[in-house]
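# Breakdown of the fold
Single-letter residue listing:
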Amino acid sequence: MKNRLNRIVRSVRALGRELARKTVPVAPPVEPPKVPKVGIALGGGFARGLAHIGILKVLEEENIPVDFIAGTSVGSVIGAAYASGISAKELEEVAALVRFKDFSRWTFSRFGLFSNDKMSVFLRKVLRCKTFEELKIPMAIAATDIITGDAVVFTKGDLVDPVRASCAYPGMFQPVRIGGQLLVDGLLAHSVPAAPLREMGAERVISVHLAAHWVKPGGPRHVFDVIGQCFSIAQERMCGPWKAASDIVLQPEIGEFAYDDFVRAPDLIRCGEVAARAAMPEIRAWMPMPVAVPAPVPKPAFDATMVPQPEWQPAPQPSPLKT
């Protein structure tokens, strides 16, 4: 009799455990929100390019990730410095001190009135690495082959000479020779290098276009104004391809600044900040909202009263002994 009752109790307990295990709901797996790969294309503009620092500063403050950078001319200088690990705040401090003479010198040449070989010293002092492979953020630097007219985009190897080539403004600076190619400013091939960012894997592209005429209403002051204005006009006529590769185009209001206004660095940086903040609602819309993870459902305690109890039966009486 006792063994029979023990078996019944064990069966009831096992049934209770099985029912409890089967009634616990299992939460479906939660997929983490996908953050798009963001690239920023920094166009050229001499001193006006200091506005790029203001844009990077706002992206930092708003915690917008920058996964790729591409730069042309001054955009390659600022982009390389940022990609090497220099913060926007540090770039702001450098910009307050830099002047045209820090990266150029007069020269007697048929190919340009200045040489930017001093830029090598400047870059090696400022950059925190010397090769593309060491950069904290993958980067592309655009230049132009002056013989073929082809775009030349650098993404590996030495960092300094591609930056020099990207900044070799025709007529002003001498071309830079790299690997058998004679290279000049990237603005002729990629005035705003949005397309290289797509090739690198960027899913969203922010393009910074420094649209401004070189010549004031009073007319050109010298040959550099003539050359600069010609390129400015051509650049405006060739904006279709890079705009097609862009999701957002930022155009800081830098028209009042001269191409060599390095002394007005704080104002130029502020122009970049204003442009970036105006576009921030659209940029934030790319970032997914955090998904709420459901709290785990506690396992219900076993309640023996929920388990059907066996009906009590009186124990059989022993048969009377036969005599």
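Heads up: these notes are all about the structure in this document. Treat the numbers as computed from the prediction; the structure is a model and nothing was measured.

### Details of the packing of aromatic side chains
Counting across every chain of the model gives two aromatic pairs. Here Phe-46 and Tyr-169 contribute two aromatic rings whose centre-to-centre distance is 5.3 Å and whose plane-to-plane angle is 70°, an arrangement assigned as edge-to-face. Taken together, the residues Phe-46 in the loop between β1 (38–42) and α2 (51–61) and Tyr-169 in the loop between α6 (160–166) and β7 (171–173) connect sequence positions 123 residues apart. A relative accessible area of 4% places Tyr-169 in the buried class.

### Side note on the pattern of salt bridges
Evaluated as defined, the whole model comprises 14 salt bridges. The residue Arg-164 makes a salt bridge to Asp-161 at a minimum N-O spacing of 3.4 Å. Taken together, the residues Arg-164 and Asp-161, both in helix α6 and three residues apart, mark about one turn of the helix. With a relative accessible area of 14%, Arg-164 lands in the buried category. A salt bridge links Asp-247 to Arg-198, with the shortest nitrogen-to-oxygen separation between them at 2.7 Å. Placement of the pair is Asp-247 in the loop between α9 (240–244) and β11 (248–250) and Arg-198 in helix α7 (residues 194–200), with a sequence separation of 49 residues. Accessibility expressed as a relative area gives 31% for Arg-198, which makes it partly exposed. Within this structure, Glu-256, Asp-261, Arg-264, Asp-267 and Arg-270 form a network of salt bridges that share partners.

### So, the packing of α2 against helix α4 (residues 88–95)
Interhelical geometry of α2 versus α4 gives an angle of 155° and a closest axis separation of 9 Å. Overall, the two elements α2 and α4 adopt an arrangement that is roughly antiparallel. Regarding α2 and α4, the two cross each other, and that crossing is left-handed. Where α2 abuts α4, its residues Ile-53, Leu-56, Lys-57 and Glu-60 lie against Ala-88, Leu-91, Glu-92 and Ala-95. Class assignment of the residues belonging to the contact of α2 with α4 gives a composition of five nonpolar, no polar and three charged.

### Here we look at the nonpolar core
Counting residues in each nonpolar core, the largest one holds 77 residues, and the members touching the most others are Ile-40, Leu-59, Ile-69 and Ile-283. Top element by residues in this core is helix α10 (residues 265–284). It accounts for eight residues. Discounting residues that sit within four places of it in the chain, Ile-69 has contacts with Ile-40, Leu-42, Gly-79, Tyr-82, Ala-83, Ile-137, Pro-138, Met-139, Ala-140, Leu-197 and Met-200. Grouped together as the second largest cluster of nonpolar side chains are 12 residues, Ala-41, Phe-68, Leu-197 and Ala-245 included.

What counts as what
Residues numbered from 1 in each chain as written. Predicted model: local features only at pLDDT ≥ 70, side-chain atom pairs only at ≥ 80, totals over all residues. Heavy atoms only, no water. Phe/Tyr/Trp six-rings, centres within 6.5 Å; stacked < 30°, edge-to-face > 60°. Helix = DSSP H or I, 4+ residues; strand = E, 2+ residues; numbered from the N terminus. Buried < 20%, exposed > 50% of the residue type's maximum accessible area, 1.4 Å probe, protein only. Salt bridge = Lys/Arg side-chain N within 4 Å of Asp/Glu carboxyl O. Axes fitted to C-alpha atoms, helices over the stretch in contact; angles between N-to-C directions. Parallel < 35°, antiparallel > 145°, perpendicular 65-115°, else oblique. Left-handed = near helix turned anticlockwise from the far one by under 90°. Contact = heavy atoms within 4.5 Å. Nonpolar A, V, L, I, M, F, W, Y, C, P; charged D, E, K, R; others polar. Core = buried A, V, L, I, M, F, W, Y, C linked by side-chain atoms within 4.5 Å.

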